[in-house]
Amino acid sequence: MLIHPEVADALANRRPVVALESTIVSHGLPRPDNLHIARQIEQAVRDAGAVPATVAVVDGDIHIGLDDTALERIALDYSVAKVSVRDLAAVSAARGLGATTVASTAHIASRSGIRVFATGGLGGVHRGARETWDESADLTTLSRTQVLVVCAGVKSILDVGATLERLETLNIGVLGYRTDRFPGFYLRDSGHPVYWTAPDAEFVAETLRAQDHLGTAGYGLVLGNPIPPNAELNRDLHDTVLEAGLAAADRAGVTGKDVTPFLLDFFHRETHGESLRANIALVLANARVAAQVATAYHS
Ligand code: PSU
Ligand code: MN
């Protein structure tokens, strides 16, 4: 594992670091804007007082913190693979280029001593999982990984209710950031409640410290941060596009790890960029909150 000097320095001096995933860049956002957006996400972490550590696999090496060349390759190179935990060893052996998902980023962050991680949306249980068994490895990985994931809930393309049930079974705590509703990614409210509300970053930091002491730190924690009100997608547009997207994925026979990128891309095209604007706004907001939590955790 290659830890960028700036990240290593921050970790050694107990200064706040926020891990960032790279699949959202390579497979979740359209090229070539994704490169600029990736830089903006890192800048949002810096502006809030923490050091960003974007995780990716470059020529087989696992990088924690990317220089500009590496970030550019992850964003623009068409050969970049979507790498979950199970793919890490193979992409490393193949000396390949890989973008890490929430699962693999959480695993690497935790192994390098990074406690806080920001992303857009957590993976979860897909609709129709009863037949397809499609459940993201994000969930099982967080059940045994000591990391906080700041996200805008899970994407509405998923079965949110089933995902919340699985989070409960897997002992993954869920907090709402200044809300008692579980966020719905493009929408502020998924229609489901959360039991614990964090009024501020200090409360989240205190929860992390309590986890450390109680020995439940092997379990991940999810902080659901609703999309900023002015960036929320129109609910009718959202519901129409979602229905069409699910039908299109079904017709095209999309399966496995291609499902999430397919649906995100469908949304971006069919909403003429509205969902992309929403996606960017929520990721930037999550990066900011994650940096505030990491700062509170270290003070
Ligand atoms: N949420 C987004 N954009 C993304 C993803 C999630 O807004 O690109 C990615 C994350 O990397 C997440 C992955 O870990 O999708 C989940 O994929 P799957 O359902 O195949 O596990
Ligand atoms: Mn899947």
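Residues numbered from 1 in each chain as written. Chains lettered and ligands numbered in written order. Predicted model: local features only at pLDDT ≥ 70, side-chain atom pairs only at ≥ 80, totals over all residues. Heavy atoms only, no water.

### Considering the packing of aromatic side chains
For clarity, the threshold we go by: Between the rings of Phe, Tyr and Trp (Trp by its six-membered ring), a pair exists once the centres lie within 6.5 Å; its type follows the angle of the planes, with under 30 degrees stacked, over 60 edge-to-face, and the other angles tilted. Note on exposure labels: buried denotes an accessible area under 20% of the residue type's maximum, exposed denotes more than 50%, and partly exposed covers the range between, all computed with a 1.4 Å probe on protein chains only. Two limits define a charge over a ring: the Lys NZ or Arg CZ must be within 6 Å of the ring centre, and within 35 degrees of the ring normal.
All told, the structure shown has three aromatic pairs when counted by the stated rule. Ring centres 4.7 Å apart and planes at 70° place the aromatic pair F185 and Y186 in the edge-to-face group. Judged by its relative accessible area of 2%, F185 falls in the buried class. Taking relative accessible area as the criterion, Y186 reaches 1% and is therefore assigned buried. Judged by centre distance (5.0 Å) and plane angle (80°), the rings of Y195 and W196 are edge-to-face. The class of W196 is exposed, set by a relative accessible area of 51%. Geometry around Y78 places R31 over its ring, the cationic atom sitting 4.1 Å from the centre. Over the face of the ring belonging to F185 we find K155, whose NZ or CZ atom lies 5.9 Å from the ring centre.

### Section: the pattern of salt bridges
Just so we agree on the cut-off: We count a salt bridge whenever a side-chain nitrogen from Lys or Arg sits within 4 Å of a carboxyl oxygen from Asp or Glu. For helices the rule is a DSSP run of H or I covering at least 4 residues; for strands it is a run of E covering at least 2, with both sets numbered from the N terminus onward.
Here the structure, examined in full by the defined rule, presents 13 salt bridges. Across the pair R39 and D68 runs a salt bridge, and its minimum N-O distance is 2.9 Å. Pair noted here: R39 is in helix α3 (residues 33-47) and D68 is in helix α4 (residues 68-76), with a separation of 29 residues, a long-range link. With relative accessibility at 43%, the residue D68 sits in the partly exposed group. The partner of R277 in a salt bridge is E274, with the nearest N and O atoms 2.8 Å apart. One end of the pair is R277 and the other is E274, both in helix α13 (residues 274-298) and three residues apart, which spans about a single turn. In this structure E274 comes out as partly exposed when scored by relative accessible area, which is 36%. Linked through salt bridges whose partners overlap, the residues forming this network are E202, E206 and R209.

### Remarks on the layout of surface pockets
Our working definition: The rule is simple: put a 1 Å grid over the protein atoms alone, call a set of points where a 1.4 Å probe fits but cannot get out a cavity, call an open set with protein on both sides within 12 Å along at least five of seven lines a pocket, and count a residue as lining if it has an atom within 4 Å of a point. Grid points are joined across faces, edges and corners, and a volume is the space filled by probe spheres set on the points.
If you add up the space inside the largest pocket, you get close to 660 Å³. For the largest pocket, the lining is made up of 34 residues, of which K82, T101, S136, D138 and T260 are closest to its centre. Elements with a minimum of two residues in the lining of the largest pocket: α2 (23-26), β5 (81-83), α8 (137-142) and α12 (259-270). Residue contributions to the lining of the largest pocket peak at three residues, all from α12.

### Focus: the nonpolar core
We apply this condition: Residues belong to a common nonpolar core when they are buried Ala, Val, Leu, Ile, Met, Phe, Trp, Tyr or Cys residues joined through side-chain atoms within 4.5 Å. Contact criterion: two residues are considered in contact whenever any of their non-hydrogen atoms come within 4.5 Å of each other.
Grouped together as the largest cluster of nonpolar side chains are 104 residues, with contacts concentrated most on V18, L122, L148, L223 and V293. For this core, the element with the highest residue contribution is α13, accounting for 14 residues. Leave out the neighbours within four places in its chain, and L122 touches V102, D138, L139, L142, C151, G153, V154, K155, L158, L167 and V222.

### Here's the deal with α12
Which entries qualify depends on this criterion: Here the expected length of a helix is defined as 1.5 Å per residue gap, with one fewer gap than residues.
Between its terminal C-alpha atoms α12 stretches 16 Å, which fits the 16 Å expected from 12 residues at 1.5 Å a residue. Taken together, the buried positions of α12 are V259, T260, P261, L263, L264, F266, F267 and H268. Next to the buried residues of α12 lie β5, α11 (235-252) and α13. Once α12 finishes, H272 follows within two positions and takes phi at roughly 50°, a positive value.

### Quick word on the site of ligand 1
Operational definition: Summary of the distance rule: residues count as near a molecule or strand when at least one heavy atom falls within 4 Å of that molecule or strand. Polar contact is defined as a pair of N or O atoms within 3.5 Å, subject to the rule that within protein one atom must be able to donate a hydrogen and the other to accept it, and that residues adjacent in sequence are counted only when both atoms are side-chain atoms. The method behind every accessible area is Shrake-Rupley, applied with a 1.4 Å probe, and residues are considered shielded solely by the protein chains displayed. In this classification, the charged set is Asp, Glu, Lys and Arg, the nonpolar set is Ala, Val, Leu, Ile, Met, Phe, Trp, Tyr, Cys and Pro, and all remaining amino acids, among them Gly, are polar.
Lining the immediate environment of ligand 1, one finds 16 residues, of which E21, K82, S136, D138 and K155 sit closest. Taking V102, its main chain carries an N or O atom lying 2.8 Å from an oxygen atom of ligand 1. Note that a nitrogen atom of ligand 1 is positioned 2.7 Å from one of the side-chain N or O atoms of K155. For ligand 1, whose unbound accessible area comes to 480 Å², protein coverage reaches 94%. For the shell around ligand 1, the secondary-structure elements that each account for two or more residues are α2 and α12. Residues of the shell around ligand 1, tallied by class, amount to four nonpolar, seven polar and five charged.

### As for unusual backbone geometry
Of note, the amide linkage connecting R31 to P32 takes the cis form, showing an omega dihedral of 0°. Examined against the element boundaries, P32 turns out to sit in the loop between α2 and α3. The phi dihedral of R178 falls on the positive side, at around 55°, and the residue is not glycine. Looking at where R178 falls in the secondary structure, it is placed in the loop between β9 (173-177) and β10 (181-184).

Just geometry here; none of it tells us what the structure is for.
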